[in-house]
Protein chains: 2
Amino acid sequence: MQNSRFLRACRREPVDATPVWLMRQAGRYMSEYRELRTRYSILELIKSPELACEVTMQPIHAFDLDAAIIFADILPPLEGMGLELEFLKGEGPIIHNPVRTAKQIGLLKVPEPRKALSFTLEAIRLVRKELEPRGIPLIGFSGAPFTLASYAVEGGASKNRIEVKKLMWNEPVAWHVLMNKLATLAGEYLLAQAEAGAQALQLFDSWVGELSPADYKQFVLPYSRKALQIASKAGVPLIHFGTGTSGMLPLIHEAGGDVIGVDWRTDLATAWDQLGEGVAVQGNLDPVALFADWDALEPRVKAILESVKGRPGHIFNLGHGILPETPVETVRKLVDFVHEYTQTRA
Amino acid sequence: MQNSRFLRACRREPVDATPVWLMRQAGRYMSEYRELRTRYSILELIKSPELACEVTMQPIHAFDLDAAIIFADILPPLEGMGLELEFLKGEGPIIHNPVRTAKQIGLLKVPEPRKALSFTLEAIRLVRKELEPRGIPLIGFSGAPFTLASYAVEGGASKNRIEVKKLMWNEPVAWHVLMNKLATLAGEYLLAQAEAGAQALQLFDSWVGELSPADYKQFVLPYSRKALQIASKAGVPLIHFGTGTSGMLPLIHEAGGDVIGVDWRTDLATAWDQLGEGVAVQGNLDPVALFADWDALEPRVKAILESVKGRPGHIFNLGHGILPETPVETVRKLVDFVHEYTQTRA
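These numbers come from a predicted model, not from an experiment. (Residues numbered from 1 in each chain as written. Chains lettered and ligands numbered in written order. Predicted model: local features only at pLDDT ≥ 70, side-chain atom pairs only at ≥ 80, totals over all residues.)

1. Notes on the interface of chain A and chain B
Formally: Placing a C-beta atom from the backbone of each residue, one calls two residues in contact when those atoms lie within 7 Å. Here a strand is any run of E in DSSP of at least two residues, a helix any run of H or I of at least four, and the numbering for each starts at the N terminus.
Tallying the contact residues gives 26 residues for chain A and 26 residues for chain B. Residue assignment for the side of chain A that touches chain B shows that the elements contributing at least two residues are helix H10 (162-170), helix H12 (213-232) and helix H15 (294-307) of chain A.

2. Thoughts on the sheet that holds strand E9 (residues 314-318) of chain B
Residues and elements named next belong to chain B. Note the cut-off: In short, DSSP must find at least two bridges between two strands for them to pair. Lines fitted to the C-alpha atoms define the axes, with helices restricted to the stretch that makes contact. Angles between their N-to-C directions range from 0 to 180 degrees.
Pairing in this open sheet of seven strands is parallel, and the strands run E1-E4-E5-E6-E7-E8-E9 from one edge to the other. Since the sheet does not close on itself, it has two edges, and those belong to strand E1 (68-69) and E9, each with one partner. Two elements, strand E8 (residues 280-285) and E9, share five bridges in a ladder whose sense is parallel. Opposite Asn 284, over in E9, you have Asn 317 as the bridge partner. With respect to the sheet, helix H14 (residues 268-275) is in contact with strand E7 (259-261) and E8, its orientation differing from that of E8 by roughly 155°.

3. With respect to the sheet that holds strand E9 (residues 314-318) of chain A
Residue and element names in this part refer to chain A. Taking strand neighbours across the sheet as the criterion, the seven strands line up as E1-E4-E5-E6-E7-E8-E9 in an open arrangement whose pairing is parallel. What marks the edges here is a single partner per strand, and that holds for strand E1 (68-69) and E9. The sheet contact formed by strand E5 (residues 200-205) and strand E6 (residues 238-242) spans five bridges and is parallel. Directly across from Phe 204, in E6, lies its bridge partner Phe 241. Contacts between helix H11 (residues 172-196) and the sheet are confined to strand E4 (138-143) and E5, with E4 contributing the most and set at about 165° to the helix. Against the sheet, H12 contacts E5 and E6, and its axis sits at roughly 170° relative to E5.

4. Focus on the environment of Leu 107 of chain A
With respect to the element layout, Leu 107 of chain A can be found in helix H6 (residues 102-107). Spatially, the C-alpha atoms of Leu 107 of chain A and Met 81 of chain A are 8.6 Å apart, while their sequence positions differ by 26 residues.

5. Things to note about the relation of the copies chain A and chain B
Here is the rule: In superposing the copies, a least-squares fit is computed on C-alpha atoms, taking residues whose pLDDT is at least 70 in both.
Once chain A has been moved 0.0 Å along the axis and rotated by 180°, it coincides with chain B to within an RMSD of 0.0 Å. Here the copies are linked by what is in effect a two-fold axis. Every residue of chain A has its C-alpha some distance from the rotation axis, and the shortest such distance is that of Ser 246 of chain A, at 2.7 Å. Comparing interface residues between copies, 100% of those in chain A also sit at the interface in chain B, which points to an isologous, same-surface contact.

6. Focus on the confidence of the model for chain A
Rule in force here: For every residue, the pLDDT score states the predictor's confidence, bounded by 0 at the bottom and 100 at the top.
Counting all residues, the mean pLDDT for chain A is 96, and 99% of those residues have values of 70 or more. This complex was scored by the predictor with a pTM of 0.96 and an ipTM of 0.96.

So this is what it looks like as C-alpha cells:
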C-alpha cells in the first residue's frame, strides 16, 4: 500500500504513472449516487457508515482511480460545537444559529471527534477493508478553520462574506478564540481519521481565496498551521488545498502540507516554481473542462502533464470539485488518459 | 484638467497626493441613488442622459473623489446586437435569447455605438459640463469581450460558466466570430465615449478570473487586445481591470492598458513587480473592508499606500465594486484619508 502510486507521489518518489483522483469523486454526477439520494438525505448518507462506505466505493468501482476519499462533508464537525446544521434542498447547507459575538463564540464546544464524528471514523474502517485487497489508499479530510468559520459566522453560503470578515477585523480576540477552537477540532478530526485508517489527509480551504494575502497571513495562516501540526502527528501525507489562492500560494505552503493543491487559475508549473521543490502538487484541470468534447479536452490534460513532466510529486486532480452534471464517460477517459500518457515503459 | 491627480497618475507622473476613485461609486450604497431608484428602473436611469448625469455626479457631490465614472452598465451594448436584456428585481440581469450556436452568433449585429448607445454618449457630454469647472476628469467604460460573451452565452449570471466555456472549447470558429464582434463593439464604444468627452477609459473583465491562464491566452487575450487597440486611437489612458486575475496578471498586461486594475487577492506591490514599471496600477482594497470599524480599516489602507510608496502611478481604488450596504461615512473617511496620508508637503 505504501508503494501505491498516490502515496509515492505524495512523498515525491518516482511513480510508474501519474496518480489521479478527483475532488468530490463520489457525488451527483454518478447515477449510482443519485439513486441513493432518492432514498436518503446527504446527512443520512454521511451518518450511516455502511452507506458512506458504499458511496465512497462507487467511483472506485467505476474508474481506475488511484485514491479513494471518504464520503463526508466539511460541516458535520460544526454540529458537535453546538451549531444546528441543515442541508436545504437546492440551496445547500445552512446553520440555523450562526455565531457573531464573543459570547456566542465562547459557548461553542470543541467536541472530541472520536465521539462526535464516530460515524465517519467507522465508515473509514469499513472502506479500508474494501480497499485493502485493491491496494488503493484512502484520503480523510476536514474543512480548514477559515472555511468552517465562514459557515459558522455567515450561517450558510455567502457571496461577499461580510459577517465573517467583520468579525475577523473588528473582534480580533473573539476571532482568535473561534479560530483556535476550529483549528483544534479540524486537527484532531484529521488525526482521528488517520487513526481509523486514512492513509493521507486533506485540509480543504474552499473559501480562503476571498481574503487578501495580508489578511490570510494575519488571521488565518496560524490556525491552518495549527490544524496541520496536530494532524501531522499521524505521520501520513498532508494535502493542503484552497481555491482562488493564486496570489498567496507561498503563504498556503508556509501554513503546511506535504502536497499543495492548486486550482486552475494558476499555471501549475509556475505554481510549483513559487512553492519550491520541497512539496508535491495536486491539480489542476478546470472542472468545467470535463464538459468539453474529448478532442478539445485531451490537449488541455496533456498540457498540464507536460508542464510538470520529470518533476516527481505530481498528483493529477481537478482544480476544484467535480460538477454535478459532468459526463461519466469523460471522467473514465480522463482517468485512463492520465495513466496511459504518463506511463513509464521499462 | 490634464494636470489632475488622476490623469497624472495614469501617466505615471508625480502627484501631490494619491488619487482615489471607487468602482461603482455611483450606486446603491448612497441614499440619493436609492431614492432615484424608487422612481426609475436601472435601464431608465442609464437611458435618460439627464438622470445618468445626475447619478454620476452624486458621489462627486458627496466625496472628494479624483475622478467620476459615467453611470452606465456593461450590458446595454448587447441590446444593439439583437440580445434582449432585462434587469430582474433582486436577481440581476438576464438575456432572454442567449446565443449558443454558430448560427445564432452569425446573426448578431455589431451596432454602431454612436447610434445604439447615444444615451450614454449624451450623458457623458452633460457630465463633462458639470465636471469641467471642478477640474475632475471623467472615465468611460465597457465590458470586456469575455465578460460580455459570458452574459450573451449564459443568458445571465452563472456559477460555473459551463455554456460559455463549452462554446469556447468545442466551437473555436464560432467563438472567434463572437469574440471578434464583441471586441469591435467594446473598442468602438470606448472610442466613442472618449470622443464624447471621457478622459480615460476602463475595460472591465469582471469574470475573466474563472479562466485558466492558458485559456485566457488562447481564447480571450487577442480580443481584449483588439478592443484596447481600437480604443487607443482616442489617445486617452486605458485602464484594464479584471477580478481573480492573480495567476495571470502578466497576460492581462500583455493584452494592453496603461493602468492595470488589481483586485485584493494579490499583494499590490507584488503585482506591480510582476507587471513591471511600464504601467500604472489601480487598487486594491477588499470592498468588504469598508464594513470594518475605522480603527481596523485604517491600518489596511495605510499598508496598501505604504507598499507602493515612491512609485509614481498608483491610483487608489477598491479591488472590485463598492457593495450596496457600504456605510457612506466610511467612504468619506477613506477618500479623505488617502489624500491626507499621501499628501506631499512642499
